[in-house]
Amino acid sequence: MAGYVGILVSDPWLQNQFTQVELRSLKTHFTSMRRESGKLTVEDLASRMSRLKVVGENLSEQERADFIADLYPNLNDEVDFEFFLKVYLKLHAHASARTGSPAKNSSAFLKAATTTLLHTISESEKASYVAHINNYLAQDGFLNKYLPINPSSNDLFEIVKDGVLLCKLINVAVPGTIDERAINTKRLLNPWERNENHTLCLNSAKAIGCTVVNIGTQDFIEGRRHLVLGLISQIIKIQLLADLNLKKTPQLVELVDDSKDVEELMSLPPEKILLRWMNFQLKKSPYKKIVSNFSTDVKDAEAYAHLLNVLAPEHSNPSTLAVKDPFQRAKLVLEHADRMGCKRYVTAKDIVDGSPNLNLAFVAHIFQHRNGLSTQTKQISFLETLPDDAQVSREERVFRFWINSLGNSTYIDNVFEDLRNGWILLETLDKVSPGIVNWKIANRPPIKLPFKKVENCNQVVKIGKQLKFSLVNIAGNDIVQGNKKLILAYLWQLMRYNILQLLKNLRFHSHGKEITDVDILRWANTKVSDSGSQSRMDSFKDKSLSDGIFFLELLSAVQPRSVNWSLVTKGVTDEQKKMNATYIISIARKLGCSIFLLPEDLTEVNQKMILTLTASIMYWFLKQPVEEKPSATSDSENGSQVETISNSTTDDSASESSVE
């Protein structure tokens with residue numbers, strides 16, 4: 001073992017600062033950080049170290065960044081493992097000095113660090129999620145040979161290694177996300193096919209709102225339990241909270257008094273709506289406390305007892321509220337839930353332990369089964385006065401999931417509400433164009449003074465103009481006020497800038513020159529033409545694209561084995577067009593394209609989403625190693641083609657995807 005540690009760290013002093021377990025665990029963290037972008041620089045450390053105990057919990061990202069910058073001004077230097085350890089030690093000492101926590105060499109720290117770094121998992125959560133999988137996927141033709149999974153074993157982590165189960169679970173959570181025709185379901189998958197399934201899974205998980213910044217395909221193959229369980233937890237949570245919106249459950253309007261409150265309710269994240277619903281029902285009982293979380297506020301099970309008495313009085317047990325022991329009360333609560341048909345996800349121990357994930361799942365399950373809301377015509381008429389713009393809703397969803405996929409400090413639930421203080425927009429700009437934000441004049445949340453929000457948003461607009469966005473008559477205050485049209489216009493230009501920058505950064509193809517919409521259009525048509533097809537698109541709003549055939553030809557051109565043409569329809573009827581569209585999206589994600597569009601965006605030829613899809617396919621193809629490119633054209637032909645198109649300029653006739 002000493003030899004193994006010596007290989008990890010050659011510096012004797014560093015070897016003496018850590019236990020062998022800590023070194024191996026920190027090495028795992030370091031490898032994961034570096035894998036995200038291919039290398040790790042000094043500048044990356046502040047954000048990537050947020051996952052580490054003490055350093056991540058007691059120092060903000062900005063504090064870590066300032067501390068590191070003072071010590072190591074050369075932010076672009078690449079970091080090796082030993083340098084990473086030295087920075088970690090200094091940050092830990094800094095955090096400990098501020099909080100008064102034990103120093104690095106104390107046994108208390110070592111105990112905390114090793115348990116965290118080894119990523120212990122909740123056996124109770126694992127058992128609950130396994131039960132969920134057994135219940136919802138029991139009838140699946142491919143998985144029935146593996147199910148039911150034994151919740152007390154680690155079989156779950158073996159079964160996910162081929163990627164099929166996770167893909168199927170995503171489709172249970174958000175039906176239709178993955179076209180199952182794109183999943184590799186042979187009995188024995190080769191490493192390439194298994195990797196494709198995991199890539200499809202991760203890109204699809206991002207597309208339904210999961211955060212997968214720190215997860216890669218290798219983590220599934222190696223069965224990293226905390227990462228697998230974390231992703232499964234997010235997928236199940238999305239499924240359980242799917243009905244907590246006014247579109248799915250218009251009866252939720254009963255929770256508010258007027259149309260203004262309805263708009264506020266629509267902007268809340270599902271967890272907050274669930275809490276509001278729970279407190280709304282508890283007001284009908286003698287229970288006077290407000291439940292503000294699914295952990296400490298429900299540990300004594302009293303709130304649950306009152307909630308179930310309101311929702312299902314016919315199954316109530318008078319002794320539930322009479323018992324003094326919280327554990328016994330929790331057991332009686334679960335017996336009540338069982339009589340309602342709702343005993344799922346938690347045990348009495350989970351309740352008294354305050355497990356937030358399992359308590360949330362329990363309450364969401366109760367809501368799904370019996371929400372206790374009525375349908376009053378007068379109240380639901382409020383909904384008729386609210387704007388129902390399907391296009392705005394779809395675009396908001398795309399931009400929200402794209403922003404969340406970047407790994408910002410805060411998960412957003414509604415772009416029109418959660419971006420109004422400017423902070424997440426500044427973080428997103430910094431991710432898209434590192435170093436462009438002046439953090440010294442930025443105001444970190446929570447921001448109580450309105451003018452501080454305006455200051456942030458003014459910088460957002462200023463940077464947008466610097467990046468040559470079209471921002472006529474847009475001011476920072478428009479973002480603070482939640483102007484939907486202007487926010488969507490800004491986000492579209494930011495998303496478009498991001499993909500164009502990614503293409504430009506492939507310098508060995510673009511020679512560092514700007515890539516334009518025209519270049520993307522011409523590249524796609526050339527690839528399809530070179531493959532021998534007659535298909536082409538005249539612009540990104542060419543109505544002939546609605547049948548999906550051009551994109552299937554393009555995907556086949558960049559990866560001949562990707563499309564199974566026996567599954568492709570003629571794309572004549574609306575149903576055939578939708579089938580092709582779902583297949584296209586799944587194939588692109590399976591290759592490795594991170595895209596957030598819906599099938600409707602293809603069938604209706606949404607020019608913005610058509611551009612992002614085409615650009616994503618182009619980016620995936622151009623970044624493939626030359627020897628792996630499945631193309632009929634040679635590398636020299638590819639190079640001359642891209643070199644030629646990178647000299648072109650954008651004109652309105654070819655590029656019709658810019659914000660008008």
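Residues numbered from 1 in each chain as written. Predicted model: local features only at pLDDT ≥ 70, side-chain atom pairs only at ≥ 80, totals over all residues. Heavy atoms only, no water.

### Section: the overall build of the protein chain
Next, step 1: When its secondary structure is counted, the protein chain shows 35 helices and zero strands.
Next, step 2: At a minimum sequence separation of 6, the contacts of the protein chain that also span at least 24 residues come to 62%.
Next, step 3: Here the protein chain displays about 29,700 Å² of accessible surface, and carbon together with sulfur accounts for 50% of that area. (Helix = DSSP H or I, 4+ residues; strand = E, 2+ residues; numbered from the N terminus. Contact = heavy atoms within 4.5 Å. Areas by Shrake-Rupley, 256 points an atom, 1.4 Å probe, with all protein chains shown as cover.)

### Brief notes about helix H9 (residues 123-136)
Next, step 1: Here H9 spans 20 Å end to end across 14 residues, near enough to the 20 Å set by a 1.5 Å rise per residue.
Next, step 2: Tucked inside the fold, the buried residues of H9 contact helix H10 (155-159), helix H11 (164-173), helix H14 (225-240) and helix H21 (356-369). (Expected span 1.5 Å × (residues − 1).)

### With respect to the packing of aromatic side chains
Next, step 1: A full pass over the atoms with the stated rule returns eleven aromatic pairs.
Next, step 2: Consider the rings of Trp523 and Phe621, whose centres lie 6.0 Å apart with planes at 45°: the pair is tilted. In this pair, Trp523 is assigned in helix H30 (residues 517-530) and Phe621 in helix H34 (residues 607-622), connecting sequence segments 98 residues apart.
Next, step 3: What makes Trp523 buried here is its relative accessible area of 1%.
Next, step 4: Looking at Phe621, the relative accessible area reads 0%, which means it is buried.
Next, step 5: An aromatic cluster of three or more residues is present, and its members are Phe30, Phe81 and Phe84. (Phe/Tyr/Trp six-rings, centres within 6.5 Å; stacked < 30°, edge-to-face > 60°. Buried < 20%, exposed > 50% of the residue type's maximum accessible area, 1.4 Å probe, protein only.)

### Notes on the packing of helix H16 (residues 270-282) against H21
Next, step 1: Running from N to C, H16 and H21 point in directions that differ by 65°, and their axes come no closer than 11 Å. When the axes of H16 and H21 are compared, the pair comes out roughly perpendicular. Considering how the two elements wind past one another, H16 and H21 form a crossing that is left-handed. Residues Glu271, Leu274, Trp277 and Met278 of H16 pack against Leu360, Val363, Ala364, Ile366 and Phe367 of H21. (Axes fitted to C-alpha atoms, helices over the stretch in contact; angles between N-to-C directions. Parallel < 35°, antiparallel > 145°, perpendicular 65-115°, else oblique. Left-handed = near helix turned anticlockwise from the far one by under 90°.)

### So, the confidence of the model for the protein chain
Next, step 1: Chain-level pLDDT for the protein chain is 83 on average; 83% of the residues reach the 70-or-more range.
Next, step 2: Low confidence marks residues 1-7, where pLDDT is under 50. Its contacts with residues over four positions away, or in another chain, come to eight contacts.
Next, step 3: Counted against residues more than four places away or in other chains, residues 631-660, with its pLDDT under 50, gives 58 contacts. (pLDDT = per-residue confidence, 0-100.)

### Concerning the packing of helix H12 (residues 191-207) against helix H32 (residues 574-591)
Next, step 1: At a closest axis distance of 7 Å, the pairing of H12 and H32 adopts a crossing angle of 115°. Relative to H32, H12 is oriented roughly perpendicular. Pair H12 / H32 crosses with right-handed handedness. Seen from H12, the contacting residues are Glu196, Thr199, Leu200, Asn203, Ser204 and Ala207; seen from H32, they are Ser586, Arg589, Lys590 and Leu591.
Next, step 2: Among the residues forming the contact of H12 with H32, the class breakdown is three nonpolar, four polar and three charged. (Nonpolar A, V, L, I, M, F, W, Y, C, P; charged D, E, K, R; others polar.)

### Quick word on the nonpolar core
Next, step 1: Among the nonpolar cores identified, the biggest contains 168 residues, and Leu231, Leu274, Trp277, Met278 and Phe551 are the most heavily contacted of them.
Next, step 2: Here the element with the most residues in this core is helix H28 (residues 484-504); it accounts for eleven residues.
Next, step 3: Contacts of Leu274, omitting those with residues within four sequence positions, involve Leu241, Leu244, Phe294, Leu360, Val363, Ala364 and Phe367.
Next, step 4: Counting 22 residues, the second largest nonpolar core, distinct from the first, contains Met33, Leu45, Val55 and Val79. (Core = buried A, V, L, I, M, F, W, Y, C linked by side-chain atoms within 4.5 Å.)

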